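Tertiary structure, described
Residue strings, one per chain:
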Amino acid sequence: MPTQYPLSPRFMLLSNITQFSPMFYLTGFPGLKAIEHWIFILFFLMYLVAISGNFFILTVIKTNRHLHTPMYYLLSFLAITDLGLSVSTLPTTMGIFWFNSHSIYFETCQIQMLCIHSFSFMESSVLLVMSFDRFVAICHPLRYSVIITSQRVVRAGLVVILRGPVALVPIVLLLKAFPYCGPRVLSHSFCLHQEVIHLACVDTIFNNLYGLTLVVFTVMLDLVLIALSYGVILYTVARLTSQEERLRVFQTCTSHLCAVLVFFVPMMGLSLVHRFGKNAPPAVHLLMANIYLFVPPMLNPIIYSIKTKEIRHAITKLLGLRKAKAESWG
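Within an unreviewed UniProt entry, the label attached to the protein reads Olfactory receptor, and the organism entered is Ceratotherium simum simum. In its Function (unreviewed entry) section, the UniProt record describing the protein reads: "Putative odorant or sperm cell receptor." Entered under Sequence similarities (unreviewed entry) in the UniProt record, the comment concerning the protein runs "Belongs to the G-protein coupled receptor 1 family."

A few points about the UniProt feature "transmembrane region" (unreviewed entry) in the protein
Per the UniProt record, "transmembrane region" (unreviewed entry) is annotated on residues 12–32, 38–61, 73–99, 111–132, 153–175, 214–237, 257–277 and 283–303. Counted over residues 214–237, helix gives 100% and strand 0%. Its end C-alpha atoms are 34 Å apart. In this annotation, residues 283–303 is assigned 100% helix and 0% strand; the end-to-end C-alpha distance for the span is 28 Å.

Quick notes on the packing of aromatic side chains
Both the distance between ring centres and the angle between the ring planes are used here to describe each pair of aromatic rings. Under the defined criterion, the tally for this structure stands at 14 aromatic pairs. Considering the side-chain rings of F24 and Y180, the 5.5 Å spacing of their centres and the 80 degrees angle between planes classify their relative orientation as edge-to-face. Of this pair, F24 sits in strand β1 (residues 23–26) while Y180 sits in the loop between α6 (150–174) and β3 (185–186), placing them 156 residues apart in sequence. Taken individually, F24 and Y180 each receive the classification buried, so the pair is uniform in this respect. Relative to F97, the ring of F43 lies with its centre 6.0 Å away and its plane at 45 degrees, an arrangement referred to as tilted. Taken together, the residues span a long stretch of sequence, with F43 in helix α2 (residues 36–63) and F97 in helix α3 (residues 70–99) at a distance of 54 residues. The exposure classification of F43 matches that of F97, with both residues buried. A network of ring pairs unites the aromatic residues F40, F43, F44, Y47, F97, W98, F190 and F294 as a single cluster.

Digging into helix α4 (residues 106–139)
With 34 residues, α4 ought to run about 50 Å at 1.5 Å a step, and its terminal C-alpha atoms sit 49 Å apart, in line with that. Across the 34 residues that make up α4, a large majority, 26, are buried.

Some details on the pattern of salt bridges
Per the stated rule, a full pass over the model turns up 4 salt bridges. The residue D133 makes a salt bridge to R134 at a minimum N-O spacing of 2.9 Å. The same class applies to D133 as to R134, namely buried.

Examining the confidence of the model for the protein
When the pLDDT values of the protein are averaged, the result is 84; 88% of them are 70 or greater. Within the protein, the lowest mean pLDDT, 45, falls on helix α1 (residues 9–17), and the highest, 93, falls on α4. For residues 9–19, every residue scores under 50 in pLDDT, and the model assigns this stretch 15 contacts once sequence neighbours within four places are set aside.

Overview of the state of the cysteines
Applying the stated rule across the entire model yields 1 disulfide. The disulfide partner of C109 is C191, and the gap between their sulfur atoms is 2.1 Å. Since a negative S-S torsion denotes a left-handed disulfide, the C109-C191 link at about -125 degrees is left-handed. Here C191 lies in the loop between β3 and α7 (193–196) and C109 lies in helix α4, a separation of 82 residues in the sequence.

Digging into the environment of L214
Here L214 lies in helix α8 (residues 205–238). Separated by 46 residues in sequence, L214 and L168 place their C-alpha atoms 8.3 Å apart. If we ignore the near neighbours within four places in the chain, the residues touching L214 are F121, A167, L168 and V219.

The rules behind the values
Residues numbered from 1 in each chain as written. Predicted model: local features only at pLDDT ≥ 70, side-chain atom pairs only at ≥ 80, totals over all residues. Heavy atoms only, no water. UniProt positions renumbered as here; feature names shortened; annotations may be inferred. Helix = DSSP H or I, 4+ residues; strand = E, 2+ residues; numbered from the N terminus. Phe/Tyr/Trp six-rings, centres within 6.5 Å; stacked < 30°, edge-to-face > 60°. Buried < 20%, exposed > 50% of the residue type's maximum accessible area, 1.4 Å probe, protein only. Expected span 1.5 Å × (residues − 1). Salt bridge = Lys/Arg side-chain N within 4 Å of Asp/Glu carboxyl O. pLDDT = per-residue confidence, 0-100. Contact = heavy atoms within 4.5 Å. Disulfide = S-S within 2.5 Å.

Set out below in structure tokens:
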């Protein structure tokens, strides 16, 4: 259960008059009042980098026709999921900083957790499809253009978009049927299913089993398949005779491999903390959840801008055109 914090009279009043639509209290960043302005600056910069960086990646891909290939379509899907993940937490997190607004209606909480978990599942799926793209490009280069086509990437994208929400809707809607007792305090600045379910006053075994099954057969399965893809890729690369050729081929995977680590390591850490760290300090839960949700969307555009030669050239070209246009207007 989350640590108990004193609730505002306004929250208590709203909670009492909304018995059919319970209110939750988003703790945010307890015990950090003294450095709250520094935390605000940090989160503001992370949102700025995540939203502007991913939007910039989408703009670069859209405005450069030579990037209209399956690999960069997949990168566009990754940027869209990162944008969705950032925007999902933005209203409540910034609301706590700007308006000291900690209370959230249950229905709003449901929508937010559906968006957060859906975009997380989408990102996992996109990373899996990207690993398959790298597997085919390295292990079957002569058949790449036949196997990986734009039409197939678009179909895979539709499956990625629909898989998360369709699987999550039942488990999120079922939360409405549970009674909630106690102060209804959430330990983050946003709603997560695994935290809301702990506040229910009844047996939630179905939700717990459904949620666990969902994670195992989506995110964990994606991770296993990604690991298998890289196992075959490493085996193929190791068989190349030239050291320079091995390095050149493997460098085509470094951006994707970094994105995989940036996404899955914090996710696994957060899952372990929620499952086995019930006695861990609240700061540990807070830190892991924020790293999981805020760091990947911020780092992915940086990783791909630095590691991908075509993106670097496209960015340089785009900035050069804007500079030339500015000089012509001057």
